[in-house]
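# Survey of secondary and tertiary structure
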Amino acid sequence: WEARTDLWVLPHSYEACAEAAAWLRARLKQAPVVGLVCGSGLGALAQELQQPQSFDYGDIPHFPRSTVQGHAGRLLVGTLGGCPCAVMQGRFHLYEGYSPAQVALPVRTLALLGAHTVVLTNAAGSLREGLDPGDLLVIRDHIDLPGLAGRSPLVGANDSRFGPRFPVMAGAYDPALRRLALALAPPPLRARAGVYCGVGGPSYETPAECALLRMLGGDAVGMSTVAEAAAARHCGLRVLGLSLITNAAASHEEEEEEGPEHAKDMEHAKEHAKEHAKEHAKDTEHAKDKAHQEVLDAAQAGARLLAQLLLALAPRLQHV
Ligand SMILES: O=P(O)(O)O[C@H]1O[C@H](CO)[C@@H](O)[C@H]1O
Ligand code: HPA
């Protein structure tokens, strides 16, 4: 009999985060003070990072794997505008089957590494007229629908080494950081403040669900960010949330109504796949995931301006 000590570490516990942080600390030239989480298709936000060290999530103890297209699954640590920064190229989502605590594990790991601030970016659907693809919503507040239903990373025995049993979420998105982001955003991003609705996904919202979220006061909707923000506030991190609008929420449904065009696309993709089953398997996959592909394309198109904003912001984030 040999004791399986690894079984004592739950994949989402303080110990798991501490092991991940210790593994990284042993390899890092410089500890990050700011963590940046890249949303879908926003991996290019790391392009301005100087002298980056790169770690595959698969190598970091207890890190889940990225399973979503547009999330590379890599942690880069370097300096952004002189500020020591960790960039997560890829995040974890509830719809991938991860628990809320697994979704929050990287943010907690960054906190244990010594970060004091996280910038959570995402690709999001607009719920408002006039908030268009390419626009930036600087998150003022969120509605955490999974969290309200008990799917929060803070559910379970509270570990006070992270934070209190009942953390306050008023002012969760740091007002000073928000003002700074609004002031520094390049004009074409048409930045404005608003409310992000976090949903479980992975299905996109129905028009009726969008109407509901609008009634609740949501400006944009996405399937991430809120669990990370809750965990970040629990452990005392400052949070800046940035939603790059990639589509009008529920607009995919309108595409469905167009019928023939869409049907033709699908037929074409199917025929193609029959002819060249192997090489073109990916095309079919893309046809099936057309809506997400649109999100990725729009995110990639906006990433340059968002990277510009982050480069301007980073030196201002370095000191609390
Ligand atoms: O929130 P991020 O990770 O940017 O991704 C958004 O894009 C995906 C849907 O296209 C969903 O995962 C949604 O949450
Ligand atoms: O319309 C959307 N809904 C949910 N998540 C999203 N992520 C990008 N766009 C969307």
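In the nomenclature of an unreviewed UniProt entry, the chain is known as Purine nucleoside phosphorylase of Melopsittacus undulatus. Annotation of the chain in UniProt includes, under Function (unreviewed entry), the sentence "The purine nucleoside phosphorylases catalyze the phosphorolytic breakdown of the N-glycosidic bond in the beta-(deoxy)ribonucleoside molecules, with the formation of the corresponding free purine bases and pentose-1-phosphate." Quoted verbatim from the Sequence similarities (unreviewed entry) field of UniProt, the annotation for the chain is "Belongs to the PNP/MTAP phosphorylase family."

Between two packed helices, what matters for the description is the angle formed by their axes and the separation of those axes. The contact between helix H1 (residues 14-25) and helix H2 (residues 100-113) brings their axes to 8 Å, and the two run at 60°. As the angle between them shows, H1 and H2 are arranged oblique. The interaxial crossing formed by H1 with H2 has right-handed handedness. Where H1 approaches H2, its residues Tyr14, Ala16, Cys17, Ala18, Ala20, Ala21, Leu24 and Arg25 are matched on the opposing element by Leu105, Arg108, Thr109, Leu112 and Leu113. When the residues that make up the contact of H1 with H2 are grouped by side-chain class, the tally is ten nonpolar, one polar and two charged.

Our next topic: H2. With 14 residues, H2 ought to run about 20 Å at 1.5 Å a step, and its terminal C-alpha atoms sit 21 Å apart, in line with that. Among the 14 residues in H2, 13 count as buried, and that is most of the element. Gly114 sits one or two positions beyond H2 and adopts a positive phi of about 110°.

Before going further, it helps to spend a moment on helix H6 (residues 226-234). A large share of H6 lies buried, amounting to eight of its nine residues. Buried within H6 are the following residues: Val226, Ala227, Glu228, Ala229, Ala230, Ala231, Ala232 and His234. Of the residues trailing H6, Gly236 is marked for its positive phi of about 80°.

Let's shift gears to the site of ligand 1. Ligand 1 sits among 13 residues. The nearest are Ser40, Tyr95, Tyr204, Ser224 and His292. Side-chain polar atom of His93 to an oxygen atom of ligand 1: 2.7 Å apart, as the coordinates give it. Note that an oxygen atom of ligand 1 is positioned 2.6 Å from one of the side-chain N or O atoms of Tyr95. Look at ligand 1: alone it shows 340 Å² of surface, and the protein chains cover 96% of it. Given that more than half its atoms are within 2 Å of the pocket grid, ligand 1 belongs to the largest pocket. Looking at the shell around ligand 1, the elements with two or more residues in it are strand S5 (117-126) and helix H10 (290-317). In terms of residue class, the shell around ligand 1 is made up of five nonpolar, seven polar and one charged.

Before going further, it helps to examine the packing of aromatic side chains. Counting across every chain of the model gives six aromatic pairs. Ring geometry for Tyr14 versus Phe162: centroids 4.9 Å apart, planes at 55°, classification tilted. One end of the pair, Tyr14, is in helix H1; the other, Phe162, is in the loop between helix H3 (145-148) and helix H4 (175-184), and 148 residues separate them in sequence. Of the two residues, Tyr14 and Phe162, both sit in the buried class. Look at Phe92 and Tyr98: their rings are 5.6 Å apart centre to centre, the planes differ by 75°, and that puts the pair in the edge-to-face class. The same class applies to Phe92 as to Tyr98, namely buried.

Next up on the list: the packing of H2 against H6. The geometry of H2 relative to H6 is characterised by a closest axis approach of 9 Å and an angle of 40° between their N-to-C directions. Between H2 and H6, the crossing angle belongs to the class labelled oblique. Along this stretch, H2 crosses H6, giving a crossing that reads as right-handed. The segment H2 lies against H6, with Val103, Ala104, Val107 and Arg108 engaging Ala227, Glu228, Ala231, Ala232 and His234. When the residues that make up the contact of H2 with H6 are grouped by side-chain class, the tally is six nonpolar, one polar and two charged.

S5 sits mainly inside the fold: ten of its ten residues count as buried. The pairing of S5 with strand S9 (residues 238-248) spans ten bridges and is parallel. When the sheet's bridge partners are listed, Leu120 is paired in S9 with Gly241.

Okay, the pattern of salt bridges next. For the structure shown, the criterion picks out seven salt bridges. For Glu228, the salt bridge identified is with Arg91, shortest N-O distance 2.7 Å. Taken together, the residues Glu228 in helix H6 and Arg91 in the loop between strand S4 (83-89) and H2 connect sequence positions 137 residues apart. Of the residues examined, Glu228 reaches a relative accessible area of 2% and is grouped as buried. Because the salt bridges share partners, they merge into one network encompassing Asp132, Asp135, Arg190 and Arg192.

Conventions adopted
- Residues numbered from 1 in each chain as written.
- Chains lettered and ligands numbered in written order.
- Predicted model: local features only at pLDDT ≥ 70, side-chain atom pairs only at ≥ 80, totals over all residues.
- Heavy atoms only, no water.
- UniProt positions renumbered as here; feature names shortened; annotations may be inferred.
- Axes fitted to C-alpha atoms, helices over the stretch in contact; angles between N-to-C directions.
- Helix = DSSP H or I, 4+ residues; strand = E, 2+ residues; numbered from the N terminus.
- Parallel < 35°, antiparallel > 145°, perpendicular 65-115°, else oblique.
- Left-handed = near helix turned anticlockwise from the far one by under 90°.
- Contact = heavy atoms within 4.5 Å.
- Nonpolar A, V, L, I, M, F, W, Y, C, P; charged D, E, K, R; others polar.
- Expected span 1.5 Å × (residues − 1).
- Buried < 20%, exposed > 50% of the residue type's maximum accessible area, 1.4 Å probe, protein only.
- Near = heavy atom within 4 Å.
- Polar contact = N/O pair within 3.5 Å; in protein donor to acceptor, adjacent residues only side chain to side chain.
- Areas by Shrake-Rupley, 256 points an atom, 1.4 Å probe, with all protein chains shown as cover.
- 1 Å grid on protein atoms, 1.4 Å probe; cavity = no way out; pocket = protein on both sides within 12 Å on 5 of 7 lines; lining within 4 Å.
- Sits in = over half its atoms within 2 Å of the grid points.
- Phe/Tyr/Trp six-rings, centres within 6.5 Å; stacked < 30°, edge-to-face > 60°.
- Pairing = 2+ DSSP bridges.
- Salt bridge = Lys/Arg side-chain N within 4 Å of Asp/Glu carboxyl O.

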